[in-house]
Amino acid sequence: LSDGIRRIDIDSIELHPSVLGILFQAMEGRLKSIDMCRVRFPGPDVVECYEIIAASIGRNHGLERLLWISNQIPSDDQADLLIDSVIKNRSIKNVRLENCFNQSGANGCRALAALMTCGRPVDWIDFRGNALSGIDDVAAAVASNLQLEALRICDNELNDRDAELIAQALK
């Protein structure tokens, strides 16, 4: 990749481990932003794909923003890989995981709470459209995260109790 490229948008494509290995290795250390939208991974290769992506995110210390939009996270294991890589990479300050958890077996509330309680600064978290509900852990994380500047959790399945918990956490 050119030294001038600082952002890459990958949209509406199926990616295999062989391509991811080449692409993410070439991007490491050069990008400030990775936007992945509507990306599909072949069923038998999904674990390997997430391992490649997570390893690269964790090592790319120039990366400041990660957008992961409408890429369904298939399980808590893959969610953990992705969240742990963001936590490991202390340069990422802006995380947008939108519409990733609502049709899958991965627990979005658990992933969001882990990111918010990791102990490192993240300025902006956008977690909209993930069918979040029963957000006790997220509310507790909001109360304890004094560094977070913005949290977007719109278009979820929050109820009155969830809203009360968030309001209490913000006091």
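Owing to the predicted nature of the structure, the values given are computational and were not obtained by experimental measurement.

**Student:** Can you help me understand the packing of aromatic side chains in this one?
**Tutor:** Evaluation of the coordinates by the stated rule reveals four aromatic pairs. Look at F41 and W68: their rings are 6.3 Å apart centre to centre, the planes differ by 20°, and that puts the pair in the stacked class. Of this pair, F41 sits in the loop between β2 (33-40) and α2 (46-59) while W68 sits in strand β3 (residues 65-69); the two residues are 27 residues apart in sequence, bridging distant segments of the chain. Since its relative accessible area comes to 13%, F41 is described here as buried. Ring geometry for F101 against F127: centres 5.6 Å apart, planes inclined by 20°, an arrangement best described as stacked. In this pair, F101 sits in the loop between β4 (94-98) and α4 (108-116) while F127 sits in the loop between β5 (124-126) and α5 (136-144), placing the two residues 26 residues apart along the sequence. Within the aromatic cluster, the residues linked to one another by ring pairs are F41, Y50 and W68.

**Student:** Just checking my understanding: could you explain the nonpolar core for this structure?
**Tutor:** Burial of nonpolar side chains together is a common tendency in soluble globular proteins. Core analysis: the biggest nonpolar cluster contains 48 residues, and I34, M36, F41, I53, W68, I73 and F127 have the highest contact counts within it. Excluding anything up to four places from it in sequence, I53 contacts L20, F24, M36, F41, W68 and L82.

**Student:** Looking at this model, I keep getting lost on the pairing of β2. Mind explaining?
**Tutor:** Regular strands place side chains that alternate from one sheet face to the opposite one. With six of its eight residues buried, β2 lies for the most part within the structure. Examined bridge by bridge, strand β1 (residues 7-14) and β2 share seven bridges and lie parallel to one another. Its bridge partner lying in β2, I8 is registered against I34. Chirality of the crossover, the property in question, places the unit of β1, helix α1 (residues 17-27) and β2 among those that are right-handed. Bridging between β2 and β3 involves five bridges; their strand directions are parallel. From the neighbouring strand, C37 faces β3, where its bridge partner is I69. For the crossover from β2 across α2 to β3, the handedness is right-handed.

**Student:** In this structure, what is going on with helix α6 (residues 160-170)? I would like to understand it.
**Tutor:** Residues lying three or four places apart along an α-helix face the same way, a consequence of the helix completing one turn every 3.6 residues. Turning to α6, its buried residues are D162, I166 and A169. Along the axis of α6, the buried residues cluster in a sector spanning 60°; they form a single face. Within α6, the exposed residues directed more than 90 degrees away from the buried face are D160, E164 and Q168. Elements in contact with the buried residues of α6: α5. Two or three places before R161, at the opening of α6, N159 has a side-chain oxygen 3.0 Å from that residue's backbone nitrogen.

**Student:** How should unusual backbone geometry be read in this particular structure?
**Tutor:** The general pattern is negative phi for most residues beyond glycine and trans for most peptide bonds. Here the phi dihedral of S70 falls at roughly 60°; this positive angle occurs in a residue that is not glycine. Position of S70 among the secondary structure elements: in the loop between β3 and α3 (76-88). Although it is not a glycine, A131 sits at a positive phi angle of roughly 55°. As for its position among the elements, A131 is in the loop between β5 and α5.

**Student:** Help me out: how do you make sense of the confidence of the model for the protein in this one?
**Tutor:** Note: predicted coordinates in regions of low pLDDT should not be interpreted at a detailed level. In the predicted model, the protein carries a mean pLDDT of 91, and the fraction of residues at 70 or more is 96%. The spread of mean pLDDT over the elements of the protein runs between α5, the lowest at 90, and β3, the highest at 97.

Cut-offs used in this document
Residues numbered from 1 in each chain as written. Predicted model: local features only at pLDDT ≥ 70, side-chain atom pairs only at ≥ 80, totals over all residues. Heavy atoms only, no water. Phe/Tyr/Trp six-rings, centres within 6.5 Å; stacked < 30°, edge-to-face > 60°. Helix = DSSP H or I, 4+ residues; strand = E, 2+ residues; numbered from the N terminus. Buried < 20%, exposed > 50% of the residue type's maximum accessible area, 1.4 Å probe, protein only. Core = buried A, V, L, I, M, F, W, Y, C linked by side-chain atoms within 4.5 Å. Contact = heavy atoms within 4.5 Å. Pairing = 2+ DSSP bridges. Right-handed = clockwise from strand over helix to strand, strands pointing away. Arc of directions from axis to C-beta. Polar contact = N/O pair within 3.5 Å; in protein donor to acceptor, adjacent residues only side chain to side chain. pLDDT = per-residue confidence, 0-100.

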